[in-house]
Amino acid sequence: MRVSTLSMQQGGVANMLRSQAELARTQAQIATGKRVVTAADDPGAFVQVQQVERALAANAQFATNSAVLAGRLSLEEQALADAGNAIGRVQELTLQANNGVVDAGSRRAIAVEIRSRAEELLAIANRQDASGDYIFGGTRSAARPFGRVGADVAYAGDAGTRMVQVSSSQRIEDGHSGDEVFMNVPGGTGTFRASAGASNTGTGILDPGSMINRAAWVPGTYTVQFDSPTTYQVLDAAR
């Protein structure tokens, strides 16, 4: 059989091209430190490598999410501690003012500090994290949640919370809304609230009350009516 010069040349070129491709693949493996660089190197191994890379990327994102979550919860914890201190100081000042020996000038000074503590509490409720989001804004974290409306303070956030993915199967709330922390606060004992009627006259002391047997408690509106200085009756508004 006669072999033409053209066939020999084509075979030589093909061998050279294969050698160059193998050399390029070997160089890529050396440069990257990886045996499998493209799917052509090993299709089965390439699929496994992609799966591992996706898992590593997801774990890196979970780690980032966890760090951000820890920082935000730390800021909330500090804000709640500061709010507790401000409220505790207001309670001290209120008790201090409720004393017959305190003169008018001292009461004015106490009133000034109480107003200052109220502004401090408002600033705490409007604190922001490092990214500028409001800690107590709920899911509306981009807008200032608390603001003054006349003599009152209004909440512009919502009652929702954001969930942060910290693993493939776990999500954690990134904090609490201002509605839950500052607005939805139980009055009185947390079960019931005692207050004096607007038409009451004379003097007396009304404490918050206490719960002796929670299982026997029937929620409702009750009124204590004094029939004489020494006798009274409890009336149920539902009857």
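Residues numbered from 1 in each chain as written. Predicted model: local features only at pLDDT ≥ 70, side-chain atom pairs only at ≥ 80, totals over all residues. Heavy atoms only, no water.

Moving on, we get to the pattern of salt bridges. Pairing between side chains of opposite charge can happen when their charged atoms approach one another. Inspection of the entire model under this criterion finds 11 salt bridges. Put simply, D82 and R127 hold a salt bridge, and the shortest N to O gap is 2.7 Å. Of this pair, D82 sits in helix α2 (residues 43-97) while R127 sits in the loop between α3 (104-125) and β1 (146-149), and the two are 45 residues apart along the sequence. R127 gets classed as partly exposed once you look at its relative accessible area, which sits at 28%. Each member of the salt-bridge network shares a partner with another, and the members are R72, D129, D133, R162 and D174. (Salt bridge = Lys/Arg side-chain N within 4 Å of Asp/Glu carboxyl O. Helix = DSSP H or I, 4+ residues; strand = E, 2+ residues; numbered from the N terminus. Buried < 20%, exposed > 50% of the residue type's maximum accessible area, 1.4 Å probe, protein only.)

A few words on empty space enclosed by the protein. This model, assessed by the stated rule, comprises 1 cavity of 30 Å³ or more. Of the residues belonging to the lining of the largest cavity, the class tally is 1 nonpolar, 6 polar and 3 charged. (1 Å grid on protein atoms, 1.4 Å probe; cavity = no way out; pocket = protein on both sides within 12 Å on 5 of 7 lines; lining within 4 Å. Points joined across faces, edges and corners; volume = space filled by probe spheres on them. Nonpolar A, V, L, I, M, F, W, Y, C, P; charged D, E, K, R; others polar.)

Over its 22 residues, α3 extends 32 Å from the first C-alpha to the last, a length consistent with the 32 Å expected when each residue adds 1.5 Å. By the burial criterion, the buried members of α3 are I110, L122, I124 and A125. Relative to the axis of α3, the buried residues are bounded by an arc of 155° and lie together on one face. Turned more than 90 degrees away from the buried face of α3 sit R108 and R115, all of them exposed. (Expected span 1.5 Å × (residues − 1). Arc of directions from axis to C-beta.)

Right, let's talk about the side chain of E76 for a bit. Among the structural elements, E76 can be located in helix α2. In this structure, E76 is buried with no salt-bridge partner, the nearest side chain bearing the opposite charge being R72 at 6.2 Å. (Lys, Arg positive; Asp, Glu negative; His and termini not counted.)

Looking now at the nonpolar core. Residues A79, A83, L122, I124, A125, I135, F136, F146 and Y155 constitute the largest nonpolar core, which totals 9 residues. The set of elements that each furnish at least two residues to this core consists of α2 and α3. Per-element accounting of this core gives the leading share, 3 residues, to α3. Apart from the residues lying within four places of it in its own chain, the contact partners of I124 are A79, D82, A83 and F136. (Core = buried A, V, L, I, M, F, W, Y, C linked by side-chain atoms within 4.5 Å. Contact = heavy atoms within 4.5 Å.)

Below, the discussion takes up the pairing of strand β3 (residues 163-167). For a regular strand, side chains alternate in direction, first toward one face of the sheet and then toward the other. In this sheet, strand β4 (residues 170-173) lies alongside β3 in antiparallel orientation, the contact comprising 4 bridges. Within β4, the position partnered with M163 by the bridge is E173. As consecutive antiparallel partners, β3 and β4 are separated by 2 residues. (Pairing = 2+ DSSP bridges.)

As a general rule, the predicted coordinates of low-pLDDT regions are not to be interpreted in detail. Per-residue pLDDT for the chain has a mean of 83; in total, 81% of the residues score no lower than 70. Mean pLDDT across the elements of the chain bottoms out in helix α1 (residues 5-32) (65) and peaks in α3 (94). (pLDDT = per-residue confidence, 0-100.)

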